[in-house]
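The residues making up each chain are set out below.
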Amino acid sequence: MAGAGGGYGELLRAPHALRLLVGTLVGRLPNGTGPIAIMVFTRAEGGSYTLAAGLSAVYGLGNAIGQPLLGRAVDLYGQPRVQLPAVVVSALGMVLLVANGVDPLPFAYAGVAVAGLFTPPLEGGLRALWPSVLPRQDQVHRAYALDAVAQEIMFTVGPLLITLLVALWSPAAALLVVNALGVLGALSVVVAKPSRAWRSAPREAHWLGALRSPGLLALLGSFFFVGLALGSITVAAYAYAEDAGREAVYGWLMAALGLGALVGGTLYGARQWAGSAERRLLVLVALLAVCYLPLVLTPGTAAMTALAALSGVFLAPVLACAFVVVDRQAPRGTVTEAFSWLVTTFGVGAAGGSAAAGPMVEWSGTPAGFAVAGAGGFAALLVLLATVRVLAAPVASAAVVAVSDGAAAENDRIGAVEPGFSERHQA
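Residues numbered from 1 in each chain as written. Predicted model: local features only at pLDDT ≥ 70, side-chain atom pairs only at ≥ 80, totals over all residues. Heavy atoms only, no water.

Asker: How should the overall build of the protein chain be read in this particular structure?
Answerer: Secondary structure assignment for the protein chain yields 20 helices and 0 strands. Classification of the 427 residues of the protein chain by burial places 59% in the buried group. Counting only contacts in the protein chain whose residues sit at least 6 apart along the sequence, the fraction spanning at least 24 positions is 83%. (Helix = DSSP H or I, 4+ residues; strand = E, 2+ residues; numbered from the N terminus. Buried < 20%, exposed > 50% of the residue type's maximum accessible area, 1.4 Å probe, protein only. Contact = heavy atoms within 4.5 Å.)

Asker: Would you explain the packing of helix H5 (residues 80–100) against helix H9 (residues 171–190) in this entry?
Answerer: The contact between H5 and H9 brings their axes to 10 Å, and the two run at 175°. In terms of axis orientation, H5 runs roughly antiparallel to H9. Between H5 and H9, the contacting residues are Pro 80, Gln 83, Leu 84, Val 87, Ser 90, Ala 91, Met 94, Val 95, Leu 97 and Val 98 on the first element and Ala 172, Leu 175, Leu 176, Asn 179, Gly 182, Val 183, Ala 186, Leu 187 and Val 190 on the second. Of the residues that constitute the contact of H5 with H9, the class distribution is 15 nonpolar, 4 polar and no charged. (Axes fitted to C-alpha atoms, helices over the stretch in contact; angles between N-to-C directions. Parallel < 35°, antiparallel > 145°, perpendicular 65-115°, else oblique. Nonpolar A, V, L, I, M, F, W, Y, C, P; charged D, E, K, R; others polar.)

Asker: Is there a simple way to explain H9 in this structure?
Answerer: Because an α-helix completes one turn every 3.6 residues, residues spaced three or four positions apart along the sequence face the same direction. A rise of 1.5 Å per residue sets the reference length of H9, with its 20 residues, at 28 Å; its end C-alpha atoms lie 29 Å apart and thus fit the reference within 8%. Along H9, the residues classified as buried are Pro 171, Ala 173, Ala 174, Leu 175, Val 178, Asn 179, Gly 182, Gly 185, Ala 186, Val 189 and Val 190. (Expected span 1.5 Å × (residues − 1).)

Asker: Help me out: how do you make sense of empty space enclosed by the protein in this one?
Answerer: Think of a ball as big as a water molecule: rolled over the atoms, this probe shows where empty space is left. A full pass over the atoms with the stated rule returns 5 cavities of 30 Å³ or more. Of the pockets and cavities examined, the second largest cavity occupies roughly 120 Å³. Every residue lining the second largest cavity is counted, 14 residues in all, and those nearest its centre are Gly 27, Arg 28, Asn 31, Thr 119 and Pro 120. Contributions of two or more residues to the lining of the second largest cavity are made by helix H3 (29–44), H5 and helix H7 (122–133). Residue contributions to the lining of the second largest cavity peak at 3 residues, all from H5. The residue makeup of the lining of the second largest cavity, split by class, is 6 nonpolar, 6 polar and 2 charged. (1 Å grid on protein atoms, 1.4 Å probe; cavity = no way out; pocket = protein on both sides within 12 Å on 5 of 7 lines; lining within 4 Å. Points joined across faces, edges and corners; volume = space filled by probe spheres on them.)

Asker: Even after reading the chapter, I still don't get the packing of helix H4 (residues 49–77) against helix H6 (residues 105–117), so can you show me in this structure?
Answerer: Two packed helices can be described by the angle between their axes and the distance between those axes. Here H4 crosses H6 at 35°, and the two axes come no closer than 6 Å. Both H4 and H6 take part in a crossing whose hand is right-handed. Packed against H4, whose contacting residues are Leu 51, Gly 54, Leu 55, Val 58, Tyr 59, Gly 62, Asn 63, Ile 65, Gly 66 and Leu 70, the element H6 presents Leu 105, Ala 108, Tyr 109, Val 112, Ala 113, Ala 115, Gly 116 and Leu 117 at the interface. In terms of residue class, the contact of H4 with H6 is made up of 13 nonpolar, 5 polar and no charged. (Left-handed = near helix turned anticlockwise from the far one by under 90°.)

Asker: How should I be thinking about a nonpolar patch on the surface in this particular structure?
Answerer: A contiguous nonpolar patch, built from Ile 65, Leu 69, Leu 117 and Phe 118 and spanning about 350 Å² of accessible area, is present on the exposed surface. Counting through the fold element by element, Leu 69 comes out in helix H4. Residue classification places Leu 69 among the exposed residues on the basis of a relative accessible area of 59%. (Patch = residues over 30% accessible without salt bridge, like charges linked within 9 Å, V, L, I, M, F, W, Y side chains within 5 Å. Areas by Shrake-Rupley, 256 points an atom, 1.4 Å probe, with all protein chains shown as cover. Salt bridge = Lys/Arg side-chain N within 4 Å of Asp/Glu carboxyl O.)

Asker: What am I meant to see in H5 here?
Answerer: With 21 residues, H5 should reach 30 Å at 1.5 Å per residue; the first-to-last C-alpha distance of 31 Å fits that figure. Tucked inside the fold, the buried residues of H5 contact H3, H4, H6, H7 and H9. Downstream of H5 by one or two residues, Gly 101 has phi in the positive range, about 75°.

Asker: Just checking my understanding: could you explain the pattern of salt bridges for this structure?
Answerer: Pairing between side chains of opposite charge can happen when the charged atoms of each approach one another. Counted by the stated rule, this structure contains 4 salt bridges. Salt-bridge contacts for Arg 43 lead to Glu 242; the nearest nitrogen and oxygen are separated by 3.1 Å. Highlighted residues: Arg 43 in helix H3 and Glu 242 in helix H11 (residues 214–243), separated in sequence by 199 residues. The class for Arg 43 is partly exposed, based on a relative accessible area of 26%. Owing to a relative accessible area of 24%, Glu 242 belongs among the partly exposed residues under this scheme.

Asker: Explain the packing of aromatic side chains to me, please; I cannot follow it from the model alone.
Answerer: When we look at a pair of aromatic rings, we describe it by the centre distance and by the angle of the planes. By the definition in use, this model includes 6 aromatic pairs. When the ring of Tyr 144 is compared with that of Phe 339, the centres are 6.1 Å apart and the planes differ by 65°; the resulting orientation is edge-to-face. One end of the pair, Tyr 144, is in helix H8 (residues 137–168); the other, Phe 339, is in helix H16 (residues 335–364), with 195 residues separating them in the sequence. On the accessibility criterion, Phe 339 (1% relative accessible area) is buried. Ring geometry for Tyr 238 against Tyr 250: centres 4.8 Å apart, planes inclined by 80°, an arrangement best described as edge-to-face. Taken together, the residues Tyr 238 in helix H11 and Tyr 250 in helix H12 (residues 248–268) connect sequence positions 12 residues apart. Exposure class is identical for Tyr 238 and Tyr 250. Each is buried. A network of ring pairs unites the aromatic residues Tyr 144, Phe 323 and Phe 339 as a single cluster. Looking at Arg 127, its charged tip hangs above the ring of Phe 323, at a distance of 3.6 Å from the centre. (Phe/Tyr/Trp six-rings, centres within 6.5 Å; stacked < 30°, edge-to-face > 60°. Lys NZ or Arg CZ within 6 Å of the ring centre and 35° of its normal.)

Asker: What's the story with the nonpolar core in this structure? I'm lost.
Answerer: With 116 residues, the main nonpolar core has Trp 130, Leu 219 and Leu 281 as its most contacted residues. The leading source of residues in this core is H11, at 16 residues. (Core = buried A, V, L, I, M, F, W, Y, C linked by side-chain atoms within 4.5 Å.)

Asker: Before we go on, may I ask you to explain the environment of Trp 273 in this structure?
Answerer: The residue Trp 273 is located in the loop between H12 and helix H13 (277–292) in this model. Sequence separation between Trp 273 and Cys 321 is 48 residues; the distance between their C-alpha atoms is 9.9 Å. In this view, Trp 273 contacts Tyr 268 and Arg 280; residues no more than four positions away in its chain are not counted.

Following this line, the structure appears as structure tokens:
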């Protein structure tokens with residue numbers, strides 16, 4: 001464990017690393033808390049569970065459509081030209097929702113659709129930047145684990161921040177504040193030197209882009225169901241809190257899930273893992289699915305909070321391992337797009353989970369909403385089992401990212417020690 005702490009400390013001491021990580025974390029705050037904030041805002045405006053789930057689903061679908069398109073644009077035109085305009089337009093979409101409320105409905109749906117569609121691909125962008133900031137392959141892989149852990153900090157703090165802002169001001173103020181923070185975070189990233197200097201590796205012209213990789217398609221199929229499970233928990237947890245007569249319980253449940261993932265991700269990043277990342281991902285997804293099952297018991301608040309934490313323990317390790325698999329499977333010159341497809345598929349799944357859990361809660365009660373999560377986890381496992389041979393064969397021309405001129409010489413040196421690293425991380 002000390003080695004992990006030292007490893008993370010080494011990463012964060014690298015020039016620009018801490019700024020990029022924190023800026024991305026803050027910039028993604030609107031996206032990370034979006035479904036929760038929309039749910040709370042809609043219910044405060046008198047909307048039903050079905051409407052709240054529907055608005056969250058449209059937000060997720062807009063995000064799902066926009067992420068790969070914006071990711072491809074980043075690969076073609078660079079990060080600042082795409083990320084900054086996108087985050088401003090996304091924030092204006094949430095302003096439209098707040099100004100309109102839930103009536104008339106077309107404007108409410110338009111606001112969340114714009115907010116989702118123009119969410120900047122900061123997540124994929126950060127993973128594309130790591131090889132230009134960190135010189136060694138083992139550091140890049142550890143950075144993926146740190147990235148997943150940092151996300152869970154956001155998912156832990158985010159719900160509590162929404163709860164605090166709602167208590168101090170209102171659900172509308174919560175939406176506006178987190179989106180203002182998102183703009184500031186994105187701005188911090190895109191004006192940093194690595195973001196301005198980064199260029200994608202030359203890409204083979206192909207209309208499918210990153211999707212021409214069979215292994216990436218298999219991974220995306222599995223992550224649709226991981227997203228579905230998490231999206232359903234978002235809705236079912238709010239129903240549980242209302243059943244308990246204390247809406248604040250919702251924030252605690254979501255924070256507990258994030259805290260569990262934070263602990264799991266920290267432990268996962270504590271060591272170097274031998275063997276195939278694809279096989280390791282299979283085991284981690286199986287454990288994730290098993291940990292979703294006890295949620296259907298819906299016990300008392302204290303026990304339910306513990307179960308929520310347990311359900312999150314393997315989430316960050318699954319994400320960190322998936323980042324390595326994307327590294328192996330992404331065709332050359334499609335780095336941001338490939339990572340954005342992972343985000344987008346996860347978002348589509350989460351939107352589907354939200355849309356499914358809302359009616360399930362209204363028709364059959366809160367445990368039925370949590371049952372959607374268990375079903376999603378095992379569906380994700382089945383996809384990986386069915387495609388294990390496809391995932392075992394990485395794309396021959398895979399290349400994560402081009403690096404800045406200043407890092408190229410260092411990567412040449414590392415490439416002599418770690419064969420393949422220089423080739424995969426340079427234009």
